[in-house]
Amino acid sequence: MVSIQVIILEIILLLVIGIVERLLDHPKKTKHLWWGWTIILWILIIFNIGFYWPAYPIALWMILALLLIALQIIHNHEFIYRRYWPVFWRYSAYYALTIYIGSLIISPWLPLI
């Protein structure tokens, strides 16, 4: 179970990381370090609900990545990594944020394994 203190500390951590990200110099094309946000959120998810339960969302994340590849191949008739990675990491960060919020809500009801 995630306590209120842990939730507040995690939100403060995410805010500090967001402020540091804005202070760093970025290339003009990128506004966020999507891969960094994704990794940080997955670490917090594992911290919130343990090592067992995140396996299911991670498996779905990989299936979504394969679907994104298939969509790019169907749409462009080719697969180019330069086009794939920015979209992949952006959607991964949104997905990880959704799972993170879910981990805060559902953690008290998950059985211990």
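For the structure itself, look to the data block above.
Here's what I pulled together on the structure shown here. (Residues numbered from 1 in each chain as written. Predicted model: local features only at pLDDT ≥ 70, side-chain atom pairs only at ≥ 80, totals over all residues. Heavy atoms only, no water.)

So, helix H4 (residues 81-106)
- Here H4 contains 26 residues, and its C-alpha end-to-end distance of 35 Å stays within 8% of the 38 Å for a straight helix at 1.5 Å per residue.
- Residues of H4 that are buried include every one of Tyr84, Phe88, Ser92, Ala93, Tyr95, Ala96, Ile99, Tyr100, Ser103 and Leu104, and no others.
- For H4, the elements touching its buried residues are helix H1 (4-23), helix H2 (34-49) and helix H3 (55-76). (Helix = DSSP H or I, 4+ residues; strand = E, 2+ residues; numbered from the N terminus. Expected span 1.5 Å × (residues − 1). Buried < 20%, exposed > 50% of the residue type's maximum accessible area, 1.4 Å probe, protein only. Contact = heavy atoms within 4.5 Å.)

Overview of the packing of aromatic side chains
- Under the definition given, this model contains 16 aromatic pairs.
- Here the aromatic rings of Tyr52 and Tyr56 are separated by 5.9 Å at their centres, their planes lie at 80°, and the arrangement is edge-to-face.
- On the basis of relative accessibility, which here comes to 47%, the residue Tyr56 falls in the partly exposed class.
- Taken together, the ring pairs connect Trp42, Trp61, Phe79, Tyr81, Tyr84, Trp85, Phe88, Trp89 and Tyr95 into an aromatic cluster. (Phe/Tyr/Trp six-rings, centres within 6.5 Å; stacked < 30°, edge-to-face > 60°.)

Thoughts on the packing of H1 against H2
- Two numbers describe how H1 lies on H2: the axes approach to 12 Å, and their chain directions differ by 170°. By the criterion of interaxial angle, the relationship of H1 to H2 is roughly antiparallel. Touching Val6, Glu10, Leu13, Leu14, Ile17, Gly18 and Glu21 of H1 are Trp37, Ile40, Leu41, Leu44, Phe47 and Asn48, all from H2.
- Classifying every residue of the contact of H1 with H2 gives 9 nonpolar, 2 polar and 2 charged. (Axes fitted to C-alpha atoms, helices over the stretch in contact; angles between N-to-C directions. Parallel < 35°, antiparallel > 145°, perpendicular 65-115°, else oblique. Nonpolar A, V, L, I, M, F, W, Y, C, P; charged D, E, K, R; others polar.)

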